[in-house]
Amino acid sequence: MADSSKSELDDSRYIVPALERGLLILSQFTRERRQIGAPELSQRLQLPRSTVFRLLNTLESMGFVERTENGREYKLGLGVLRLGFEYLASLDLTELGTPLINRLCQQLGYPANLVVRDGRHIVYVAKATSSSAPFIGSVSVGTRLPAHGTVLGHVLLGGMTLAQLKELYPEVELERFSSQTPVDVSELYQSATQISKQGYVAGEGFYESHISTVAAPVFNHSGHVVAALGVTLGAPQIEQKHKQMLIDSVCEVASELSALLDYAPAMQRHWDVPLRAVGRSVA
């Protein structure tokens, strides 16, 4: 019965073309391409200009796009932002994790953040800073970065098999962002697996040469990695005298958030092993 229902939902007969086209228009706007004109959208989507014009008018009336000052191009409107915030607010992960990273930020004096994976990217869903922890880097809630090129991304990829990673990254060579970026999927798998085994990562100058990150995985009730939680240091290297304290603090908070998501590994219940020591066995 369930299979029958699924096949019905997957049936293309139940797709609404106008809705699909409207969402495709919204998906064309990116960080690199913030303003797009109707002719370009028509060309990209292979749709008649009249159709694109009507879709843009509808999206504009609902606040999802706005005309630019020259009146010839469009940009995303506040309606999209409202949807984004409502989505983040609806996540148990964000709701439960925000007070924890706020506490971690105050405790350590460094910005703390919570990220999830969306395909080949990581997305910042919560971030905490304070007067004693000035803003570091250019990330904010909603920022997307390449998963394979970031420390936090390697944490999130730690639960994947080599076959799954090859499907996600079919190219022979990966795009490089620094000397530490994996050159190919095999190297990416080795890095993600090592992080998963030890249950944390302390990455120095990985994506940006002047930024270091200490992070740990967050698990859900099924034992799957659903987020990465970490702190950001505005330094190319982590002071050795503080390193273990930072690792312990981050792992403790990540473990606390995992517990709130009903993660309870049997090994930890029986032998009280720290989360970072059993990360791989339950990922």
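Since this is a predicted model, take the numbers as computed values, not measurements.

Analysis parameters
Along each chain, residue indices are assigned from 1 in the same order as the chain's sequence is written. Reporting in this predicted model follows two pLDDT cut-offs: at least 70 for local features of residues, and 80 or more for side-chain atom pairs to be given and counted; totals over whole chains, interfaces and linings ignore these cut-offs and use all residues. To obtain the side-chain values, all non-hydrogen atoms of the structure were used and water was disregarded. The rule is simple: put a 1 Å grid over the protein atoms alone, call a set of points where a 1.4 Å probe fits but cannot get out a cavity, call an open set with protein on both sides within 12 Å along at least five of seven lines a pocket, and count a residue as lining if it has an atom within 4 Å of a point. Grid points are joined across faces, edges and corners, and a volume is the space filled by probe spheres set on the points. Secondary structure elements are defined from DSSP: runs of H or I of at least 4 residues count as helices, runs of E of at least 2 residues count as strands, and each element is numbered from the N terminus. In the scheme used here, Gly and all other residues not listed as nonpolar or charged are polar, with Ala, Val, Leu, Ile, Met, Phe, Trp, Tyr, Cys and Pro taken as nonpolar and Asp, Glu, Lys and Arg as charged. Source of the domain bounds: an automatic or database domain assignment. Working rule for helices: expected span equals 1.5 Å times residues minus one. Burial status follows relative accessibility: with a 1.4 Å probe on protein chains alone, a residue under 20% of its type maximum counts as buried, one over 50% as exposed, and anything between as partly exposed. To obtain the arc, one takes the directions from the helix axis to the C-beta atoms. Pairing of aromatic side chains requires ring centres within 6.5 Å, counting the rings of Phe and Tyr and the six-membered ring of Trp. Pairs whose planes differ by under 30 degrees are stacked, by over 60 edge-to-face, and all others tilted. Nitrogen and oxygen atoms within 3.5 Å of one another constitute a polar contact, given that in protein one can donate a hydrogen and the other can accept it, and given that sequence-neighbouring residues count only through two side-chain atoms. At least two bridges found by DSSP between two strands is the condition for calling them paired.

Considerations on the layout of surface pockets
Here is step 1: Put simply, the largest pocket is a space of about 1300 Å³.
Here is step 2: Elements represented by at least two residues in the lining of the largest pocket include exactly strand S3 (73–76), helix H5 (78–90), strand S4 (112–118), strand S5 (121–128) and strand S6 (144–146).
Here is step 3: A total of eight residues in the lining of the largest pocket trace back to one element, the largest contributor, which is H5.
Here is step 4: Split by residue class, the lining of the largest pocket holds 17 nonpolar, eight polar and eight charged.
Here is step 5: Three or more residues apiece are contributed to the lining of the largest pocket by two domains, here domain 1 (17–81) and domain 2 (91–261).

Re helix H4 (residues 49–61)
Here is step 1: With 13 residues, H4 should cover 18 Å at 1.5 Å per step; its first-to-last C-alpha distance of 18 Å lies within 8% of that length.
Here is step 2: What H4 keeps buried is the set Thr-51, Val-52, Leu-55, Leu-56 and Leu-59. For H4, the angular spread of buried residues about the axis comes to 130°, placing them on one side. In H4, the exposed positions that point more than 90 degrees away from the buried face belong to Arg-49, Arg-54 and Ser-61.
Here is step 3: Among the residues trailing H4, Gly-63 stands out with phi positive, at a value near 85°.

What to know about the packing of aromatic side chains
Here is step 1: For the structure on display, the rule yields one aromatic pair.
Here is step 2: Taking the centre distance of 4.8 Å and the plane angle of 25° together, the rings of Phe-219 and Tyr-263 count as stacked. Taken together, the residues Phe-219 in strand S8 (residues 212–219) and Tyr-263 in the loop between helix H10 (240–260) and helix H11 (266–271) connect sequence positions 44 residues apart. Here Phe-219 and Tyr-263 have matching classes, each one buried.

A word on helix H9 (residues 185–198)
Here is step 1: When the terminal C-alpha atoms of H9 are compared, their 20 Å separation across 14 residues agrees well with the 20 Å that a helix rising 1.5 Å per residue should span.
Here is step 2: Considered for burial, the residues of H9 that qualify are Val-185, Leu-188, Ala-192, Thr-193, Ile-195 and Ser-196. Down the axis of H9, the sector holding all buried residues measures 160°, keeping them to one side. Away from its buried face by more than 90 degrees, H9 exposes Gln-190 and Lys-197.
Here is step 3: The backbone nitrogen of Ser-186 has a side-chain oxygen 3.3 Å away, supplied by the residue at the start of H9, namely Asp-184.

Description of empty space enclosed by the protein
Here is step 1: By the definition in use, this model includes two cavities of 30 Å³ or more.
Here is step 2: Lining the second largest cavity we find Val-155, Gly-158, Gly-159, Ile-195, Ser-196, Pro-217 and Val-225.
Here is step 3: When the residues that make up the lining of the second largest cavity are grouped by side-chain class, the tally is four nonpolar, three polar and no charged.

Looking at the pairing of strand S9 (residues 225–233)
Here is step 1: Extensive coverage of S9 is indicated by the burial of seven of its nine residues.
Here is step 2: Pairing analysis gives four bridges linking S4 to S9, with the strands arranged antiparallel. Across the sheet, Val-115 pairs through a bridge with Ala-228, a residue of S9.
Here is step 3: Here eight bridges tie S8 to S9, and the two strands are oriented antiparallel to one another. Counted as the bridge partner of Ser-212 is Leu-233 from S9.
Here is step 4: Connecting the antiparallel pair S8 and S9 is a turn made up of five residues, with Gly-223 showing a positive phi of about 85°.

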